[in-house]
Amino acid sequence: MDIILPQVDLARAMKFAHRASDTKSPIPALACIHLRASKERLYVEGSDLYTTAGVYVDIEEPDEQGEALLPGLFADYSGMMPEGMVRLNVHGGAAPSVVMSSVAQKRRFSAQTIPAYDWPVDKMVASKAAPVAPDVTVPTRALLDALLATLPAANDDETSATNGMLVDLKGGRLEAVSTDGHRVQVHRQDLAGYPGNFRLVTSKRNIRLLRRMLEDNASNTDASLAIGETTFCATLGNYVLMARTLPDFVQFGQVLDALEWGTRLTFKRETFLAALDACSLECSSETVLEIQRGGALKVGAKVLGKITVVDEVTPEEATEMKWPKGTVSLNLGINPKYLRDAIGSLPEADEDFVLCFTSPVEPILVTRTNTDFAGRPASAMHLAIVMPTKL
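Now for a description of the structure that goes with this document. All residue numbers here refer to positions counted from 1 along the written sequence of the relevant chain. Per-residue local features are limited, in this predicted model, to residues with pLDDT of at least 70; the limit for side-chain atom pairs, both in listing and counting, is 80 or more; totals at the level of whole chains, interfaces and linings are taken over all residues. Side-chain calculation: all heavy atoms of the structure are included, whereas hydrogens and water are not.

Positive phi, close to 80°, is recorded for L49, a residue that is not glycine. Numbering of helices and strands runs from the N terminus; a helix is a DSSP stretch of H or I covering at least four residues, while a strand is a stretch of E covering at least two. Relative to the assigned elements, L49 resides in the loop between strand 3 (41-47) and strand 4 (52-58).

Turning to the nonpolar core, a few remarks are in order. Working definition of a nonpolar core: buried Ala, Val, Leu, Ile, Met, Phe, Trp, Tyr and Cys residues. They are joined through side-chain atoms within 4.5 Å. Partly exposed describes any residue whose relative accessible area lies between the buried limit of under 20% and the exposed limit of over 50%, with all areas from a 1.4 Å probe on protein chains only and scaled to the type maximum. Grouped together as the largest cluster of nonpolar side chains are 61 residues, with contacts concentrated most on M14, L88, L174 and F198. What makes two residues a contact is simply this: any of their non-hydrogen atoms within 4.5 Å. When neighbours within four sequence positions are excluded, L174 is seen to be in contact with A142, L143, A146, V167, D168, L169, H187, R188, Q189, L191 and F198. Grouped together as the second largest cluster of nonpolar side chains are 28 residues, F272, L330, L339 and A384 included.

Next up on the list: empty space enclosed by the protein. Cavities and pockets were defined on a 1 Å grid built over protein atoms only: a cavity is a set of grid points that admits a 1.4 Å probe from which the probe cannot escape, a pocket is an open set flanked by protein on both sides within 12 Å along at least five of seven lines, and lining residues are those with an atom within 4 Å of any such point. Grid points are joined across faces, edges and corners, and a volume is the space filled by probe spheres set on the points. Applying the stated rule across the entire model yields 1 cavity of 30 Å³ or more. Considered as a void within the structure, the largest cavity measures approximately 30 Å³ in volume. Lining the largest cavity are L256, W261, L365, P377, A378, L383 and I385. Residues are sorted three ways: Asp, Glu, Lys and Arg are charged, Ala, Val, Leu, Ile, Met, Phe, Trp, Tyr, Cys and Pro are nonpolar, and all the rest, Gly among them, are polar. Class assignment for the residues of the lining of the largest cavity results in 7 nonpolar, no polar and no charged.

All right, on to the environment of E45 then. For E45, the location among the structural elements is in strand 3. Among the residues examined, E45 registers a relative accessible area of 1% and is labelled buried. C-alpha separation for the pair E45 and V240, spaced 195 residues apart in sequence, amounts to 9.0 Å. Those residues within four positions of E45 in sequence are excluded, and the remaining contacts are A17, I33, H34, R36, T52, A53, G54 and W119. A distance of 2.8 Å separates the side chain of E45 from the side chain of H34, its partner in a polar contact. Throughout this description, a polar contact denotes any pair of N or O atoms lying within 3.5 Å of each other; where both atoms belong to protein, one of them has to be capable of donating a hydrogen while the other can accept it, and for residues adjacent in sequence the pair is counted only when both atoms sit in side chains.

Strands qualify as paired when DSSP identifies two bridges or more between them. With respect to topology, 8 strands assemble into an open sheet ordered 5-2-3-4-16-15-14-9, the strand pairing being antiparallel. Every other strand in the sheet has two partners, leaving strand 5 (66-70) and strand 9 (136-139) as the edge strands with one partner each. Ignoring which end each strand starts from, the neighbouring axes of this sheet average 20° apart. Here strand 15 (residues 231-236) pairs with strand 16 (residues 239-244) via 6 bridges, running antiparallel. Residue L236 lies in a different strand from strand 16, and its bridge partner there is Y239. Axis lines are fitted to C-alpha atoms, over the contacting stretch for helices. Their N-to-C directions set the angle, which ranges from 0 to 180 degrees. In the packing of helix 4 (residues 140-150) onto the sheet, the strands contacted are strand 9, strand 14 (222-227) and strand 15, and the crossing angle to strand 9 comes to about 75°. Sheet strands touched by helix 5 (residues 204-216): strand 14, strand 15 and strand 16. Its angle to strand 16, the strand with the most contacts, is close to 170°.

What follows is the structure, encoded as structure tokens:
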């Protein structure tokens, strides 16, 4: 197989495909990148048998059809090649090898590889035979915003009951929810002209691959999702992602509806984040919010069991709905990373945000200033809930 194609397209395809590879698998082929050349296109894919990610790349000078397995390091080597056209030359036989070289400059990488027939993954992604379910169209920008807002709170531990994320489209409203057992982040957005319905529950790793696919194809208007009982297939531009789904997501709706929010404080986003940054200089893994009744909020750090006040932030607006009798101030312990992720997940255009709390042992709410607290705050378009820590 001897083909010539643009370096930018090859590097982007290899990096995306390699993210789905399993470098620790006992099957050597799963640590490689699989290439399948047809008349005018090259299909680049990686897989761990549960998740398969692939990209179609147009070939400038098509040659004979063929298959090859490239070592995973070629995902990095392709990015080191100079811009322009790149030649891929694969030699078969008893000792297969691959050579990647620049057409215009003297730079090349070569390595021995394994035979292409060792690739254990079925060609289900390339052919898209037997679709898992009818395709549902979703706007690329809206889906990407939902994933970026909720991904930080997803659990990395795949053995945990709270692992995974929920992406749901119903009645023209897109909803994304994630939790790791210590926090919950919810993002909702109304979509006009998208009547389809779907419910996707999958692991954080698959959501990261989906996010990468959306970021690489941000110029494309719509993404297509087909969701079955155990798998889903996402297509956007030349990208294809097929992965497993999870059985179901934790029931969070009743929990949110049961929560009550006492005091509400509105802060300038930039000022509050600056106070958190100053607090992090104290080398503390725990931030303490000392809230004065009707006054300012003091941000401190707990170091060696001692609370040190670092900065003071004055709220733009304060609404005290409930406050323990005789209490002058309250100390709330909170993980600074969780609080920063909650504030950072708000839309960039929001200069202010609302911080709600009831007591030092009840959840803390971070939401937008336009949240309707007269109705059901849990139905807000965007909210983040963080459990406090014990001081």
